[in-house]
Amino acid sequence: MTSPQQFHGWLGHDSSAANGTMTWSAFTPKPFSPTDIDIKITHCGICGSDVHTLRSGWGNTHYPCCVGHEIVGHVVRLGSEVTKFKLGDRVGVGAQALSCQKPSCEECSQGREQHCTRMVGTYNGKYPDGNFSMGGYADYVRVSAHFALAIPAGLKSEHAAPMMCGGITVYAPLIANGAGPGKKVGIVGVGGLGHFGILFAAALGSDSVVAISRRRNKERDARAMGATEYIATSEDDKWARKHSRSLDLIISTVSAPDMPLESYLRLLRTGGSFIQVGAPEDKLPPIAAFALIGKGCKIGGSQIGSPKEIEQMLAFAAEKGVTPWVEKRRMGDANSAVVQMEEGKARYRYVLVNGDADERAKI
């Protein structure tokens, strides 16, 4: 059991890649280090971050780029210093492939590696040696073992994969802000991230889980996921006044810069928190200072989660039977799946599945 010298994956070559122009091509991964592992990929979720990166929406992407950071597969190569895995183990990788891990680093030393200033993303990230990271729309991926996590036996691979980014992006701020019994939680956006927010907020035992979306067309789904209430901001009359001071915590998963932010803040109770996890390509709307001062509420942000937090999330999901709503697609259909993801057709996460070598040879 080993890995080839060259990997193959779906490469975006310019900003048109988000429109379905990726090509299945060979690429050479970064040099293998003693702390690395190679993973033969079986599943990779499609994340909104993939689309933003493919089209250079968050800044200039380094092309060619292979996106994908919701990866599950089996270890096929171990670095000489890796002791936490053995060959054949089923593991997952999220949005981070490396941090400095130096004792002098405040973030790494406190187990907050995702905030390290030298963080390297699983794709489109620059390693210290100048190589760029390549992600999971591929047959293999190479990462530091520190940022790979064992997948509990109770989780299917197609369910674990989107948890590696989409799941942890909402699970971490829910935990950090006390979601659970005694708390009323709002989730803005019923999409790939938002549906995880509803599932986890409900599984944590929150007193109420309020799904907030523009339209009412996802209400039945949201309630099936565990939402106890539903607000349709473009269809419900005076929704902000009606639901004023009703929520302790709001997690906003939307990536649209034109969100009604001040109206969302009206929903918070005194001392409540609004946490933004979606990343628009433009600035958030301005707000009046009294939207914060009047109730002593807070606005914050959260970025993915540390390896320890991801490990805890996977164990929690396995224990509680948290099952994301996914649609499996062939790895060979990555181009069409990305386009459909951007069109909002996913219900609620696409997961690319690698077939055998013969299937990949036909791509």
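Residues numbered from 1 in each chain as written. Predicted model: local features only at pLDDT ≥ 70, side-chain atom pairs only at ≥ 80, totals over all residues. Heavy atoms only, no water.

J.: Mind laying out the packing of aromatic side chains, listing which residues take part and the relevant values?
T.: To describe a pair of aromatic rings, you give the distance between the ring centres and the angle between the ring planes. Within the structure shown, the criterion is met by ten aromatic pairs. Look at Phe196 and Phe200: their rings are 6.1 Å apart centre to centre, the planes differ by 15°, and that puts the pair in the stacked class. Here the residue Phe196 and the residue Phe200 both occupy positions in helix 4 (residues 192–203), the gap between them amounting to four residues, near one helical turn. Judged by its relative accessible area of 0%, Phe196 falls in the buried class. Ring centres of Tyr264 and Phe274 lie 6.2 Å apart, and the angle between their planes is 15°; on these two criteria the pair is classed as stacked. On the criterion of sequence distance, the pair formed by Tyr264 in helix 7 (residues 261–266) and Phe274 in strand 14 (residues 268–276) is long-range, its members being ten residues apart. (Phe/Tyr/Trp six-rings, centres within 6.5 Å; stacked < 30°, edge-to-face > 60°. Helix = DSSP H or I, 4+ residues; strand = E, 2+ residues; numbered from the N terminus. Buried < 20%, exposed > 50% of the residue type's maximum accessible area, 1.4 Å probe, protein only.)

J.: Could you give an account of the packing of helix 3 (residues 157–176) against helix 4, naming the residues involved and the relevant values?
T.: Running from amino to carboxyl end, helix 3 crosses helix 4 at an angle of 55°, the nearest separation of the two axes being 9 Å. Judged by the angle between their axes, helix 3 and helix 4 are oblique. Judged by the twist between their axes, the crossing of helix 3 over helix 4 is right-handed. Taking contact as the criterion, the partners of Pro162, Met163, Gly166, Gly167, Thr169, Val170, Tyr171 and Leu174 in helix 3 are, on helix 4, Leu193, Phe196, Gly197, Phe200 and Ala201. Among the residues forming the contact of helix 3 with helix 4, the class breakdown is nine nonpolar, four polar and no charged. (Axes fitted to C-alpha atoms, helices over the stretch in contact; angles between N-to-C directions. Parallel < 35°, antiparallel > 145°, perpendicular 65-115°, else oblique. Left-handed = near helix turned anticlockwise from the far one by under 90°. Contact = heavy atoms within 4.5 Å. Nonpolar A, V, L, I, M, F, W, Y, C, P; charged D, E, K, R; others polar.)

J.: Any chance you could break down the nonpolar core for me, citing the residues and the numbers?
T.: Met163, Leu174, Ile198, Phe200, Ile251, Met313 and Leu314 are the most contacted members of the largest nonpolar core, which has 47 residues in total. Within the residue set of this core, elements represented by two or more residues are helix 3, strand 10 (184–188), helix 4, strand 11 (208–213), helix 5 (219–225), strand 12 (229–232), strand 13 (247–252) and helix 9 (307–320). Not counting the four nearest positions on each side in its chain, Ile251 is found in contact with Val170, Pro173, Leu174, Gly186, Ile187, Val188, Ile275 and Val277. Counting 46 residues, the second-largest nonpolar core is a separate cluster that includes Ala18, Val51, Met341 and Ala346. (Core = buried A, V, L, I, M, F, W, Y, C linked by side-chain atoms within 4.5 Å.)

J.: I'd like to hear about the pattern of salt bridges, residue by residue, with values.
T.: Summed over the entire model, instances satisfying the criterion amount to 15 salt bridges. A salt bridge links Arg55 to Glu342; the nearest nitrogen and oxygen atoms lie 2.7 Å apart. Of this pair, Arg55 sits in the loop between helix 1 (48–54) and strand 4 (71–78) while Glu342 sits in helix 10 (residues 334–342); the two residues are 287 residues apart in sequence, bridging distant segments of the chain. Exposure remark for Glu342: the relative accessible area of 43% places this residue in the partly exposed category. A salt bridge links Glu158 to Lys328, with the shortest nitrogen-to-oxygen separation between them at 4.0 Å. In this pair, Glu158 sits in helix 3 while Lys328 sits in strand 16 (residues 326–330), placing the two residues 170 residues apart along the sequence. Among the residues examined, Lys328 registers a relative accessible area of 53% and is labelled exposed. Shared partners join several salt bridges into a network, and the residues in it are Arg216, Glu219, Arg223 and Asp236. (Salt bridge = Lys/Arg side-chain N within 4 Å of Asp/Glu carboxyl O.)

J.: Now, about the sheet that holds strand 10: what can you tell me, with residues and values included?
T.: Ordered in space as 12-11-10-13-14-15, the six strands form an open sheet in which the pairing is parallel. Looking along the sheet, the strands with just one partner apiece sit at the ends: strand 12 and strand 15 (298–301). Each adjacent strand pair in this sheet contributes to an overall mean axis angle of 20°, direction not counted. Of the strand pairs in this sheet, strand 11 and strand 12 are connected by four bridges, and their pairing is parallel. Of the residues in strand 12, the one forming a bridge with Ser213 is Ala232. In the packing of helix 3 onto the sheet, contacts are made with strand 10, strand 13 and strand 14, and the angle to strand 13 comes to roughly 155°. (Pairing = 2+ DSSP bridges.)

J.: How would you explain the confidence of the model for the protein if you had to name every residue and give the values?
T.: Per-residue confidence for the protein gives a mean pLDDT of 96; residues scoring 70 or more make up 98%. When the elements of the protein are averaged for pLDDT, helix 11 (residues 357–361) gives the smallest value, 42, and strand 10 the largest, 99. Long-range and interchain partners of residues 357–363, a stretch whose pLDDT sits below 50, account for nine contacts in this model, where long-range means more than four residues apart. (pLDDT = per-residue confidence, 0-100.)

J.: Please set out the pairing of strand 13 residue by residue, giving values where relevant.
T.: Extensive coverage of strand 13 is indicated by the burial of six of its six residues. The sheet contact formed by strand 13 and strand 14 spans five bridges and is parallel. Across the sheet, residue Leu249 finds its bridge partner in strand 14, namely Ser273. One crossover worth recording links strand 13 to the parallel strand 14 by way of helix 7, and it is right-handed. (Right-handed = clockwise from strand over helix to strand, strands pointing away.)

J.: Go over the environment of Gln114 with me, naming the residues and quoting the values.
T.: Its location among the elements puts Gln114 in the loop between helix 2 (106–109) and strand 7 (120–121). Residues Gln114 and Thr253, spaced 139 residues apart in sequence, show a C-alpha to C-alpha distance of 18 Å. Not counting the four nearest positions on each side in its chain, Gln114 is found in contact with Gln96, Met119, Gln303, Ile304, Gly305, Ser306 and Glu309. Only 3.4 Å separates the side chain of Gln114 from the backbone nitrogen of Ser306, close enough to count as a polar contact. (Polar contact = N/O pair within 3.5 Å; in protein donor to acceptor, adjacent residues only side chain to side chain.)

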